[in-house]
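Reading the structure
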Amino acid sequence: MRRRFFIAISTCCFLACGLLAHAQNNDFDSFLKAGASDANKLLGYYLEPVVVGFSYGMANSWYNTAKTHKTLGFDLMISANLTSVPSSKEFFTFDPSEYNNVTSTGKTDRIPTSMGPEVDNDSELTFAYTDEASGNTAAGRYSPTGLGIKEQIGYNVVPSPMVQLGIGTFKNTDIILRYTPKITYGDFKTSIFGLGIKHDIKQWMPGLKRTPIDIAILGAFSGLDNELDMSGFALDGRNQVGLFNINNWTVQGIVSWQKSFLTLYGSFGYSEVSSSLKMEGEYVIADETDSSINFSITDPIDLNYQENSWRATGGLKINFGPVSIHTDYTWQAYHIVSAGIGLGIR
């Protein structure tokens, strides 16, 4: 039987990105044969680079200049982020002391994560979990492989798009809004909310008022909530739903210099991201060789990630009248390259 658990995770993370093709071919729900505790450990390691990379991308692309709008001036900006996953996150090392129902029976204990190679690296995990209520034992084997992104395009990156509206208010202060009401597409629901405040602090520095640079400080928060009805393609059971949520905040100081149609900008600051990933409902787990040996497990997956990093960004923007294009690079725990287009009226 084709295993389709990972399609739920990837749908939440990539919002119908083409990377789902790999997920459909993985026996990923074999991890649940390890029982909830061990499955959470394994999935935590396996999914970390995708979830954290996507979360850092969500915290990016709040600005492309330190200059603020005049009152009621505005800009609408669309950006695309590619978050680079560190090479250290392509594999994790299986430590038998962390598990009760899993053993490593392959030729190596280096297990690919979701951002590892798609080619089998001779790793294998063997599961055997006895359900206390029924006394049944479900066993199975699984050889994990990654999405193989690096093999296909040369880089391990996680994409994340962003759309936002910035509006000028009083005292050279911009309010930046990211908002998507709850959208339902088939079995998938998603919503986004983000709020940023960018304030010109050069106006409070008399010695810098005549210099050709702009200086601002930014504080921003955003959240993403996803829900996926998994009853149509997951394991047998009932009330099956996948939940993926992200919250992040960032504080940054921004400096920019504008000459004619060209703007150069840079920043230094701090970002923190937190995310949760859950499988709720009842799932029927069957032995690999005898499906009549089975038991049910309720709310098996509850993963939480929290990361933080200092960050520095450098970029440029080119203006064509009210239209602009920009690109920048961010140095942090997970580096990010971004590009976007905007429409603005000062």
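Up top you'll find the structure we're talking about.
Since we're looking at a predicted model, the values are computed, not measured.

**Thoughts on the side chain of K33**
- Tracing the backbone shows K33 in the loop between helix 2 (20–23) and helix 3 (35–58).
- What makes K33 buried here is its relative accessible area of 3%.
- In terms of polar contacts, K33 uses its side chain to reach the backbone carbonyl oxygen of A286, at 3.5 Å.

**A few points about the packing of aromatic side chains**
- Tallying each qualifying case throughout the model produces 13 aromatic pairs.
- An angle of 10° between the planes, with centres 5.7 Å apart, marks the rings of F268 and W310 as stacked. Taken together, the residues span a long stretch of sequence, with F268 in strand 12 (residues 262–286) and W310 in strand 14 (residues 301–320) at a distance of 42 residues. By the burial criterion, F268 is exposed, and W310 matches it.
- Its guanidinium or amino end placed over the ring of F91, R110 lies 3.9 Å from that ring's centre, counting from NZ or CZ.
- Lying across the ring of W62, R178 places its NZ or CZ 3.7 Å from the centre.

**Here's the deal with the environment of T83**
- Mapped onto the elements, T83 comes out in strand 1 (residues 74–84).
- Relative accessible area serves as the criterion here: at 0%, T83 is assigned to the buried category.
- Spatially, the C-alpha atoms of T83 and I297 are 35 Å apart, while their sequence positions differ by 214 residues.
- What T83 contacts, discounting residues up to four positions off in sequence, is G53, Y56, G57, N156, V157, V158, Y334, H335 and I336.
- Looking at T83, its side chain comes within polar contact range of the main-chain oxygen of G53, at 3.3 Å.

About the thresholds
- Residues numbered from 1 in each chain as written.
- Predicted model: local features only at pLDDT ≥ 70, side-chain atom pairs only at ≥ 80, totals over all residues.
- Heavy atoms only, no water.
- Helix = DSSP H or I, 4+ residues; strand = E, 2+ residues; numbered from the N terminus.
- Buried < 20%, exposed > 50% of the residue type's maximum accessible area, 1.4 Å probe, protein only.
- Polar contact = N/O pair within 3.5 Å; in protein donor to acceptor, adjacent residues only side chain to side chain.
- Phe/Tyr/Trp six-rings, centres within 6.5 Å; stacked < 30°, edge-to-face > 60°.
- Lys NZ or Arg CZ within 6 Å of the ring centre and 35° of its normal.
- Contact = heavy atoms within 4.5 Å.

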